[in-house]
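Next come the chains, spelled out residue by residue.
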Number of protein chains: 2
Amino acid sequence: MSIQPHAESTYTPSHACALSDVPQWDLEADVVVVGYGAAGAAAAIGAASAGASVTLFEVASGRGGTSAMAGGDIYLGGNGGTSAQRENGFEDDTEDFYRYMMMAGGPDADAARVRFYAENALDHHRWLQEQGIPYRTTHLPGKVMAPGTGDCLIWSGNEAAWPFRERAKPCPRGHLPDAAGALGGGGRMIVDRLGDRAEALGTDVHFDARVLALVADEERRIHGVVVRSEGQTRFARARRGVILCSGGFVLNEDMLRLHAPQSLRLADDALSAGHDDGSGILMGQSVGGAAIHMDELFVTLAFYPPSSNVKGILVNERGQRFVNEDAYPGRIAAQCTRQIGNRIFLLADHATFEQPSELSRMEVAAVGGTWAEVEREAGFVEGTLVHTVEVFNRHAARGEDPLFHKAEEWLAVLDEPPFAAVAMHPGEAFYPFFTLGGLRTRPTGEVLDLEGEPIAGLYAAGRACSGLPRSAEFYSSGMSLGDCTLFGRLAGHTAAGAAANGENAR
Amino acid sequence: MSIQPHAESTYTPSHACALSDVPQWDLEADVVVVGYGAAGAAAAIGAASAGASVTLFEVASGRGGTSAMAGGDIYLGGNGGTSAQRENGFEDDTEDFYRYMMMAGGPDADAARVRFYAENALDHHRWLQEQGIPYRTTHLPGKVMAPGTGDCLIWSGNEAAWPFRERAKPCPRGHLPDAAGALGGGGRMIVDRLGDRAEALGTDVHFDARVLALVADEERRIHGVVVRSEGQTRFARARRGVILCSGGFVLNEDMLRLHAPQSLRLADDALSAGHDDGSGILMGQSVGGAAIHMDELFVTLAFYPPSSNVKGILVNERGQRFVNEDAYPGRIAAQCTRQIGNRIFLLADHATFEQPSELSRMEVAAVGGTWAEVEREAGFVEGTLVHTVEVFNRHAARGEDPLFHKAEEWLAVLDEPPFAAVAMHPGEAFYPFFTLGGLRTRPTGEVLDLEGEPIAGLYAAGRACSGLPRSAEFYSSGMSLGDCTLFGRLAGHTAAGAAANGENAR
């Protein structure tokens, strides 16, 4: 509400600087982008391609953000399929793609955003390639997470898992760039290639530059930012618009506590390159922007590879199954964190079990020659674990899972001793997470206020806003980077185009 | 952010009216209270008792709000116990009371608020009596909901249920006024007696008066409200402060969708007297107030009385138990809404089952002479329901429930045919709910901004703010009315006291 003068040291994201308090513009550009992850790089390209001059501020000393920690798959499909899909025999109908993405969006999926994404995904794939990101057309079947082989197409979500497969024809849609190195290889390449392109188009990049606050006039129009760099507080004018691409708030403990306190017990596993402090969301709110779905997280659990672990069964501390184990690990992790009682176990037999990567922090809790021995050793109530395994095995032998409809290829009778219960409790096993809540935006990137009206001159993309993925339970890998890059581009375009209307001219 | 002039018809809660745009003050008071439920009435008394003149605007044609629909129990205890507790043999230690309330607050319980409440609960009980609310000292044991008998003390939460009873010594703490009539009898009496008192102290009450927006100056100080009444748009000056007591947002479908979309399938069961439209929360946000825990709901499920139903067991559509059935129904309802699959059943035998009230909308789904027959008829996977009942019965016969630690008095072997599965699916059975998220406040009622700093001249109490109860899973009956009345009083005191500092003088 208030636009108050601030002493230099007191600028904060939560208080916009009044235009009338700007002593001078130290820098000027048509568009100012805040943050240099995938969303920021795409926004810079989008704006520059539309003829705007772009200045980008990044708080770190190099580009990448949390995007560069990602495996790098981007969720693509529809329109008959990408080349990788088609060459591997997957025809992906736009309506199936749309329906799946709407499920993935949760109960408040943004239909306009999902529709735009579904219809433009192939175009977007071409665009990514045009920016210099190479893709093979190879497919890795089965359960794969960031394989680091340079292969392209993977199953990256719940498409083939119940109940999703009944509502949209399953198709693999995770598209990895041809990059070596597993975690971070693909994400790093994407940001680097987009960054190279943004810079080739003339983006003026400032590293070690912390944006402190927005600059707004009395009619709430955004005119620029206050930025701290090279030991100075500077005022950067954005003639056409500011685009917030500064990430989520997984490192802001206060915001986690006030909006998603159930995540605090996972806080050591926050997935961030170090700057997801929620400052972009606070800046948007400081000028009346609405923040929505602030309780929602992406949270996952690396219980595979090896994918044979998917043939195990997951139980809570009462020995009950609670999810189909072939679901996306994000859905599994969301369910794990909701069980009453703190203990979760993966049950596996000699035939299926392989030690997961050290990253997972999973430890074998009990081993036995019979399931009854495991039951006793791990402290389950007599008969409970044995019953769960008996029901599962009885049906698995027939290729069925009437309780959770796990797909046949992941069904195995767990009858080869020794048997094991592997501990994977939230707060102990590795549950990496980041935040999905943020500013309310139009697909164009325009930040909306509490009444759903746009705030002139203000845009957001990536995890500073609540985008395509809005739900811990339904997330699929590749949706956040897909959202960052496509809607980052669009926000850049929109911000650049605003100039034509002279809307943000002083 | 913006303080823009508005045409008369365009004032909205989300946009504050600029002080400079106020043509004249049509009314003036030291303190303006918005909303005439329990919080508003208590706030008016608190302010008037401190010497302030008070004007109260209520959008409905009479007082009551959603408070008047409540059974009327107020959560009280600690300090050795209320008279009702002591006379019935319950000594309630303040630290047990505090620990229980901290659990009930969820992972972001407000320790300062809980501490203040725990230490002042007996004083508050005295105060309620001084306002004219009569209490007996009788105790109704067992599982009781709004009995309407005029008896006082009831078990109204999870105190005696696992795991709560292990962390704080159990004690009944729901205190009902001596009012006839079940639902609404007690809540109606509380609002009426507090309202009578507020009016006796000179509160100037305006019914059919919709507060449209706050009036704020450029430094974000609140000076009054814009209110629509008697066909006119009027400007009411609040010399010392405005107190928002306008309830939650359970009737605002947009806000539900953007913050708690999982509740939309229950939307027909919204618990509201008709005006919980979130306008107070939006008004607070319009001047920079933070809204927190906006995803949290109170939701419940009236599967008793008759309390013998608590001896039944609850299962999801896989025939698995998922909660101790003697927990507070709010905890049960929260768990019901989180199960994968849409069907929930209460299993009961001839000895335990009685048809719940019509209100519950529970229907018998299957009946059989054996549990295997019920299993088949209701479509459970063979052996699953029978196993669940077998494990339960085997332990119940020994007075034990190793899976969920249901208390012994609610354990019964379910072995007397006929057996029944009663459907209680979310979206079908009656799941009344209201919202718990709202403005961030200090215990004093001061509304806080995104940085945790108070907004001068603005206060809130009741469900317009996130108060004592912050979690669907841990709510206990009487906590919301307790919060409304004690912190309503305190907000009134604080707002009135602000005058001494001349802080809000123009």
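Above this note sits the structure.
Residues numbered from 1 in each chain as written. Chains lettered and ligands numbered in written order. Predicted model: local features only at pLDDT ≥ 70, side-chain atom pairs only at ≥ 80, totals over all residues. Heavy atoms only, no water.

Novice: Is there a simple way to think about the overall build of chain A in this case?
Specialist: Within chain A one finds twelve helices and 21 strands. Taken over the C-alpha trace, chain A has a radius of gyration of 24 Å; the compact-globule value for 506 residues is 23 Å, and the two agree within 12%. A principal-axis box enclosing the C-alpha atoms of chain A has dimensions of 75 × 45 × 40 Å. Out of the 506 residues in chain A, the part that is buried amounts to 65%. About 16,400 Å² of surface is accessible on chain A, with carbon and sulfur atoms providing 46% of the total. Mean positive and mean negative side-chain charge positions of chain A (42 and 65 charges, respectively) differ by 3 Å. (Helix = DSSP H or I, 4+ residues; strand = E, 2+ residues; numbered from the N terminus. Rg over C-alpha atoms; globule rule 2.2 N^0.38 Å. Buried < 20%, exposed > 50% of the residue type's maximum accessible area, 1.4 Å probe, protein only. Areas by Shrake-Rupley, 256 points an atom, 1.4 Å probe, with all protein chains shown as cover. Lys, Arg positive; Asp, Glu negative; His and termini not counted. Charge placed at Lys NZ, Arg CZ, Asp CG, Glu CD.)

Novice: In this structure, what is going on with the packing of aromatic side chains? I would like to understand it.
Specialist: Given two aromatic rings, their pairing is described by the distance between the two centres and the angle made by the two planes. Per the counting criterion, the structure on display carries 34 aromatic pairs over all chains. For the pair Tyr 75 of chain B and Tyr 100 of chain B, a centre-to-centre distance of 5.9 Å together with 20° between the ring planes defines the contact as stacked. Linking Tyr 75 of chain B in strand β4 (residues 74-75) with Tyr 100 of chain B in helix α3 (residues 94-104), this pair joins segments that are 25 residues apart in sequence. For the residue pair Tyr 75 of chain B and Tyr 100 of chain B, the accessibility class agrees, reading buried in each case. Three or more aromatic residues joined by ring pairs make a cluster, and in this case those are Tyr 75, Phe 97, Tyr 100, Phe 116, Tyr 117, Phe 164, Phe 474 and Phe 487 of chain A. The ring of Tyr 98 of chain A has Arg 115 of chain A lying over it, and the distance from NZ or CZ to the ring centre is 3.9 Å. Its guanidinium or amino end placed over the ring of Phe 487 of chain B, Arg 113 of chain B lies 4.9 Å from that ring's centre, counting from NZ or CZ. (Phe/Tyr/Trp six-rings, centres within 6.5 Å; stacked < 30°, edge-to-face > 60°. Lys NZ or Arg CZ within 6 Å of the ring centre and 35° of its normal.)

Novice: I tried to follow the relation of the copies chain A and chain B on my own but got confused; where do I start?
Specialist: The two chain copies are connected by a rotation around an axis plus a translation along it. Overlaying chain A on chain B yields an RMSD of 0.0 Å, the required transformation being a rotation through 180° with an accompanying axial translation of 0.0 Å. The superposition operator between the copies reduces to a two-fold rotation axis. Of all interface residues in chain A, 100% are interface residues in chain B too; the two copies therefore contact each other through one and the same surface. (Least-squares fit on C-alpha atoms with pLDDT ≥ 70 in both. Contact = heavy atoms within 4.5 Å.)

Novice: Could you clarify how one ought to interpret unusual backbone geometry in this entry?
Specialist: A negative phi angle characterises most non-glycine residues, just as the trans form characterises most peptide bonds. In this structure, Pro 418 of chain A follows Pro 417 of chain A across a cis peptide bond, with omega equal to 0°. Secondary-structure assignment places Pro 418 of chain A in the loop between α11 (384-396) and β17 (419-423). With an omega dihedral of 0°, the bond running from Trp 162 of chain B to Pro 163 of chain B counts as a cis peptide bond. Position of Pro 163 of chain B among the secondary structure elements: in the loop between β6 (153-155) and α5 (164-167). Residue Arg 220 of chain B is not a glycine yet carries a positive backbone phi of 75°. By the secondary structure assignment, Arg 220 of chain B is in the loop between β9 (210-216) and β10 (222-229).

Novice: Help me understand the sheet that holds strand β6 (residues 153-155) of chain A, please; the structure alone is not making it clear to me.
Specialist: Working definition: the strands of a sheet are paired by backbone hydrogen bonds and lie parallel or antiparallel to each other. Residue and element names in this part refer to chain A. Strands sit in the order β4-β7-β6-β5 across an open sheet of four strands; the sheet is mixed. With partners counted over all chains shown, the strands left at the sheet margins are β4 (74-75) and β5 (139-143), one partner each. Relative to β6, β5 runs parallel, the two sharing two bridges. Counted as the bridge partner of His 139 is Leu 153 from β6. (Pairing = 2+ DSSP bridges.)

Novice: Any chance you could explain the packing of helix α1 (residues 38-49) of chain B against helix α6 (residues 185-200) of chain B here in plain terms?
Specialist: Packed helices, taken two at a time, are described by the angle between their axes plus the distance between the axes. Residue and element names in this part refer to chain B. Here α1 crosses α6 at 30°, and the two axes come no closer than 9 Å. Taken together, the axes of α1 and α6 are roughly parallel relative to one another. Classified by chirality, the crossing of α6 by α1 is left-handed. Along the contact surface, α1 presents Ala 38, Ala 41, Ala 42, Ala 44 and Ile 45, while α6 presents Val 191, Leu 194, Gly 195, Arg 197 and Ala 198. Residues belonging to the contact of α1 with α6 are distributed by class as follows: eight nonpolar, one polar and one charged. (Axes fitted to C-alpha atoms, helices over the stretch in contact; angles between N-to-C directions. Parallel < 35°, antiparallel > 145°, perpendicular 65-115°, else oblique. Left-handed = near helix turned anticlockwise from the far one by under 90°. Nonpolar A, V, L, I, M, F, W, Y, C, P; charged D, E, K, R; others polar.)

Novice: Quick question: what am I supposed to make of a negative patch on the surface here?
Specialist: A cluster of acidic residues, Glu 218 and Glu 219 of chain A together with Glu 218 and Glu 219 of chain B, forms a negative patch at the surface. Here Glu 218 of chain B lies in the loop between β9 and β10. (Patch = residues over 30% accessible without salt bridge, like charges linked within 9 Å, V, L, I, M, F, W, Y side chains within 5 Å. Salt bridge = Lys/Arg side-chain N within 4 Å of Asp/Glu carboxyl O.)

Novice: Which parts of the structure should I look at to understand the pairing of strand β11 (residues 232-244) of chain B?
Specialist: The two faces of a sheet get side chains in turn, since along a regular strand they alternate between them. Residue and element names in this part refer to chain B. Counting buried positions along β11 gives eleven out of 13 residues, so the element sits mostly inside the fold. As paired elements, strand β2 (residues 27-34) and β11 share seven bridges and run parallel to each other. Considered in β11, the bridge of Glu 28 is made with Arg 237. Linking two consecutive strands that pair antiparallel, namely β10 and β11, is a turn of two residues; a positive phi of about 50° is found at Glu 230 within it. In this structure, β11 lies alongside strand β21 (residues 454-460), joined through three bridges in parallel fashion. Its bridge partner being in β21, Leu 244 is matched across the sheet by Ala 460.

Novice: How should helix α9 (residues 329-336) of chain B be read in this particular structure?
Specialist: At 3.6 residues per turn, the α-helix brings residues three or four places apart onto the same side. Within α9 of chain B, eight of the eight residues are buried, which leaves it mostly tucked inside the rest of the structure. Of the positions making up α9 of chain B, those classed as buried are Pro 329, Gly 330, Arg 331, Ile 332, Ala 333, Ala 334, Gln 335 and Cys 336 of chain B. Here the buried face of α9 of chain B lies against α9 (329-338) of chain A together with α5, β13 (297-299), β14 (313-316) and β15 (344-349) of chain B.

Novice: What's the story with the interface of chain A and chain B in this structure? I'm lost.
Specialist: In many reports, interface size means the accessible area that the parts give up when they come together. Facing 53 residues of chain A, the contacting portion of chain B comprises 53 residues. Interface of chain A and chain B: buried area, both sides summed, is about 4,600 Å²; carbon and sulfur atoms make up 61% of it. Inspection of the chain A/chain B interface yields two salt bridges. For Arg 257 of chain B, the salt bridge is made with Asp 108 of chain A, and the minimal N-O distance between the two is 3.0 Å. In this structure, the connection of chain A to chain B is made through 13 residue pairs in polar contact (both at pLDDT 80 or more). (Buried area = accessible area lost by both parts, 1.4 Å probe. Polar contact = N/O pair within 3.5 Å; in protein donor to acceptor, adjacent residues only side chain to side chain.)

Novice: Would you take a moment to explain the sheet that holds β6 of chain B for this structure?
Specialist: Residues and elements named next belong to chain B. The four strands are arranged β4-β7-β6-β5 in an open sheet whose pairing can be described as mixed. Whereas interior strands pair on both sides, the edge strands pair on one side only; in this sheet they are β4 and β5 (139-143). Sheet topology places β6 next to strand β7 (residues 174-175); two bridges connect them, and they run antiparallel. Residue pairing for β7: Leu 153 is matched across the bridge by His 175.

Novice: Sorry, what's going on with the side chain of Arg 470 of chain B here?
Specialist: Residues and elements named next belong to chain B. Mapped onto the elements of the fold, Arg 470 is located in the loop between β21 and α12 (479-497). Judged by its relative accessible area of 7%, Arg 470 falls in the buried class. Of the polar contacts made by the side chain of Arg 470, one reaches the backbone oxygen of Asp 108; its length is 2.9 Å. Polar contacts involving the side chain of Arg 470 include one to the main-chain carbonyl oxygen of Ser 466, which spans 3.2 Å.

Novice: Help me out: how do you make sense of the environment of Gly 195 of chain A in this one?
Specialist: Residue and element names in this part refer to chain A. Mapped onto the secondary structure, Gly 195 falls in helix α6 (residues 185-200). With 150 residues separating them along the chain, Gly 195 and Ile 45 place their C-alpha atoms 8.3 Å apart. Those residues within four positions of Gly 195 in sequence are excluded, and the remaining contacts are Tyr 36, Ala 41 and Arg 63.

Novice: What's the story with the pairing of β17 of chain A in this structure? I'm lost.
Specialist: Residues and elements named next belong to chain A. For β17, the buried fraction is high: five of the five residues fall into the buried class. Both faces of β17 are covered, namely the face carrying Phe 419, Ala 421 and Ala 423 and the face carrying Ala 420 and Val 422. Inspection of the sheet shows strand β16 (residues 363-368) paired to β17 by five bridges, in the antiparallel sense. Within β17, the position partnered with Ala 366 by the bridge is Ala 421.

Novice: Looking at this structure, how should I read the packing of helix α1 (residues 38-49) of chain A against helix α12 (residues 479-497) of chain A?
Specialist: Residue and element names in this part refer to chain A. Contact pair α1 / α12: the axes reach a minimum separation of 7 Å and the direction vectors enclose 35°. Handedness of the α1/α12 crossing: right-handed. Contacts from Ala 38, Ala 39, Ala 42, Ala 43, Gly 46 and Ala 47 in α1 reach Leu 481, Cys 484, Thr 485, Gly 488, Arg 489, Gly 492, His 493 and Ala 496 in α12. For the contact of α1 with α12, the class distribution of residues is eight nonpolar, five polar and one charged.

Novice: Sorry if this is basic, but what is going on with the environment of Arg 234 of chain A here?
Specialist: Residue and element names in this part refer to chain A. Following the sequence through the fold, Arg 234 ends up in strand β11 (residues 232-244). For Arg 234, a relative accessible area of 18% gives the class buried. The spatial distance from the C-alpha of Arg 234 to the C-alpha of Gly 438 is 26 Å, given a sequence separation of 204 residues. Setting aside residues up to four positions removed in sequence, Arg 234 forms contacts with Asp 26, Leu 27, Val 225, Val 226, Val 227 and Ser 229. For Arg 234, the side chain forms a polar contact with the side chain of Glu 230, separated by 3.4 Å.

Novice: Help me out: how do you make sense of the pattern of salt bridges in this one?
Specialist: Two side chains of opposite charge can pair, provided their charged atoms sit close to one another. Counted under the stated rule, the structure contains 68 salt bridges over all chains. In this structure, the salt-bridge partner of Arg 394 of chain B is Glu 390 of chain B, at a minimum N-O distance of 2.9 Å. Of the two residues, Arg 394 of chain B and Glu 390 of chain B both sit in helix α11 (residues 384-396), four residues apart, roughly one turn of that helix. Residue classification places Arg 394 of chain B among the partly exposed residues on the basis of a relative accessible area of 27%. In the salt-bridge network here, residues are joined through shared partners; they are Asp 108, Asp 110, Arg 113, Arg 463, Arg 470 and Asp 483 of chain A together with Asp 254 and Arg 257 of chain B.

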